[in-house]
Amino acid sequence: MSKSEVVSYEAGQKSWWQKLFTVKSMEQLQSEVANSEMKRSLNYVDLTSVGIGAIIGTGIFVLTGIAAADKAGPAIAISFIVSGIAAGTAALSYSEMACMIPVAGSAYTYTYATMGEFIGWIIGWDLILEYLVGAATVSVGWSAYFTAFIESAFGYKMSSKWVNSPVSYVDDAFVTTGDYINIPAIVISLAITGLLCFGIRESARVNTVMVGIKVVVVLLTIFACIKNINPDNYTPFFPPNEGKFEKYGVSGMFSAATTVFFAYIGFDAISTAAQEAKNPQRDLPIGICGSLIICTILYIAVCFIMTGVVPYRELHPPGQNAAKPIAILIAATGMNWLNIIVSLGIIFGLASVMLILLMGQPRIFYAMAKDGLFPEIAARIHPKYKTPWFTTTLSGVLCALLGGILPVDVLGDMTSVGTLFAFFLVNIGVIILRFKRPDIPRKFKVPLGPFVIPVLGAALSILLLCTASTSTIARLFVWMGIGIVIYIFYGRTHSKINNPHLARYQNEEKPMGNPEHAF
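What counts, and at which threshold
- Residues numbered from 1 in each chain as written.
- Predicted model: local features only at pLDDT ≥ 70, side-chain atom pairs only at ≥ 80, totals over all residues.
- Heavy atoms only, no water.
- UniProt positions renumbered as here; feature names shortened; annotations may be inferred.
- Helix = DSSP H or I, 4+ residues; strand = E, 2+ residues; numbered from the N terminus.
- Buried < 20%, exposed > 50% of the residue type's maximum accessible area, 1.4 Å probe, protein only.
- Contact = heavy atoms within 4.5 Å.
- Salt bridge = Lys/Arg side-chain N within 4 Å of Asp/Glu carboxyl O.
- Phe/Tyr/Trp six-rings, centres within 6.5 Å; stacked < 30°, edge-to-face > 60°.
- Axes fitted to C-alpha atoms, helices over the stretch in contact; angles between N-to-C directions.
- Parallel < 35°, antiparallel > 145°, perpendicular 65-115°, else oblique.
- Left-handed = near helix turned anticlockwise from the far one by under 90°.
- Nonpolar A, V, L, I, M, F, W, Y, C, P; charged D, E, K, R; others polar.
- Polar contact = N/O pair within 3.5 Å; in protein donor to acceptor, adjacent residues only side chain to side chain.
- Patch = residues over 30% accessible without salt bridge, like charges linked within 9 Å, V, L, I, M, F, W, Y side chains within 5 Å.
- Areas by Shrake-Rupley, 256 points an atom, 1.4 Å probe, with all protein chains shown as cover.

The protein chain carries the name Amino acid transporter in an unreviewed UniProt entry, which gives Basidiobolus meristosporus CBS 931.73 as its organism. For the record of the protein chain, the UniProt heading Subcellular location (unreviewed entry) holds the text "Membrane".

Pasting the structure below:
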């Protein structure tokens, strides 16, 4: 029998239960790398820029104010350290996996190779939540800073009816706000979607420029405001708990760590570009770990400045769906000229985050479609623009709808729990592969062996997940339930690894397009 016939026979002998945990072999993954049509054009500077572009955004510019005002107080700086440690352990695990498996698909591909198809599907579906809802969260933050800039620069105050969510989440229930829809959030989502559909290579250049602007804005804020710190604002550093788990105290600090964990989301987007790295074994670890270290230092500095200048309860005024703590910080110093410059810089900075997240989303669809778990249309490339136009458009439209309707705190918490789940599985995947495939060359290895950092990272991810609200966890389970239904009725029966007769492992299938210009 031929190789494809042998594979088909072996797949046919498996029970439906065994098929759920069929792993994609390292040999298959390495073959994909060898035969990839993607152009390897990104060095470690490019990848670090992608990471910073995705990381510095809504987490520090928006969610910091909500977490400090409502949960942690000045201890928000400690929340960032806790989240940074959890993200750092995941970054090391991502680096090891990305070096071994430099294939588009990020945690989805890693999980498929270690825990089987069903868990791979779960994490792929989870990543869709991370990128899609994450981009929607950023769009709401962008809207808040855009309206602040318009007011500061031109003295025009936009009606709240058209720049806020029509619903808010109060005391574990959605309530109407009286507002209509968040128009700026919708506009920026659709504008970036158009850019990604028609000018991807230009998008990469635009991102590099916006990242530079964003870092300068953060540094300018730190050094301009440091002289206005009032040490009394740091007392008490841990405000006394007010009777609810997430309301101040040490427990509030941990709850805030879950909220601001959103600030670290993005470095995993680097791994979605693994097939375009010039030297993935060297460049991916530098890009992942380097971007995370730079951003963590900036985050902690901003937190100390912010809570030192402004009393923490004032960082998220009541009745606002989206906070703009940087604008509040600068307003407290009286430097209106700085407010205009920084608001403009943040507008560009948040746009770069959306660009990276909406750029990474189609890659997940592409990887899953190549495995047969999504319809073939999810991997189609536009014949003229060479972009994954269908999934990019779909992602952009859904992002616009979510950003236009839902409040930022709901979106941010959903994204955080989804990402924590992904990080947990990546850490576990490193441990599994150390024992199942110790023979695979590893250009980068997580230090201290497989039972220290990966175990710590997995434990921290679970700890932070447990501090999320019950309603947030419930929404995660609903999303996962929808994904499982789709897998049962489509993915399971179209999987190429479990139904090789459908495609003969792509030897006989029609090409689905060349995503060379998908970055």
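To continue, consider the overall build of the protein chain. The secondary structure content of the protein chain amounts to 18 helices and two strands. The burial tally for the protein chain puts 59% of its 519 residues in the buried class. Summarising the internal contacts of the protein chain: among those between residues at least 6 apart in sequence, 82% fall at separations of at least 24.

Proximity of charged atoms lets side chains of opposite charge pair with each other. According to the stated counting rule, one finds two salt bridges in the structure shown. Arg434 is the partner of Glu96 in a salt bridge, and the nearest nitrogen-oxygen pair spans 3.0 Å. Taken together, the residues span a long stretch of sequence, with Glu96 in helix H6 (residues 76-100) and Arg434 in helix H16 (residues 408-436) at a distance of 338 residues. Glu151 serves as the salt-bridge partner of Lys157, at 3.9 Å between the closest nitrogen and oxygen.

In total, this model carries 16 aromatic pairs according to the counting rule given. Note on Trp121 and Tyr487: the rings are 5.9 Å apart at their centroids and 40° apart in plane angle, and the pair reads as tilted. Taken together, the positions of Trp121 in helix H8 (residues 117-154) and Tyr487 in helix H18 (residues 470-494) put the pair 366 residues apart, joining distant regions of the chain. Each of the two residues, Trp121 as well as Tyr487, counts as buried. With 4.5 Å between their ring centres and 15° between their planes, Trp125 and Trp479 make a pair best called stacked. Taken together, the positions of Trp125 in helix H8 and Trp479 in helix H18 put the pair 354 residues apart, joining distant regions of the chain.

This part takes up the packing of helix H9 (residues 183-198) against helix H14 (residues 336-370). The contact between H9 and H14 brings their axes to 10 Å, and the two run at 55°. Taken together, the axis directions place H9 and H14 in an arrangement best described as oblique. When the axes of H9 and H14 are compared, the crossing they make is right-handed. For the pair formed by H9 and H14, the contact residues are Ile188, Ser189, Ile192, Thr193, Leu195 and Leu196 on the first element and Ala351, Met354, Leu355, Leu358 and Met359 on the second. A per-class count over the contact of H9 with H14 returns nine nonpolar, two polar and no charged.

A word on the side chain of Thr137. Counting through the fold element by element, Thr137 comes out in helix H8. A polar contact of 2.8 Å, which involves the side chain of Thr137, links it to the backbone oxygen of Val133.

Before going further, it helps to spend a moment on a nonpolar patch on the surface. Together, Leu190, Leu394, Val397, Leu398 and Leu401 make up an exposed nonpolar region whose accessible area comes to about 400 Å². It is helix H15 (residues 389-405) that contributes the most residues to the nonpolar patch, four residues altogether. Structurally, the position occupied by Leu401 is in helix H15.

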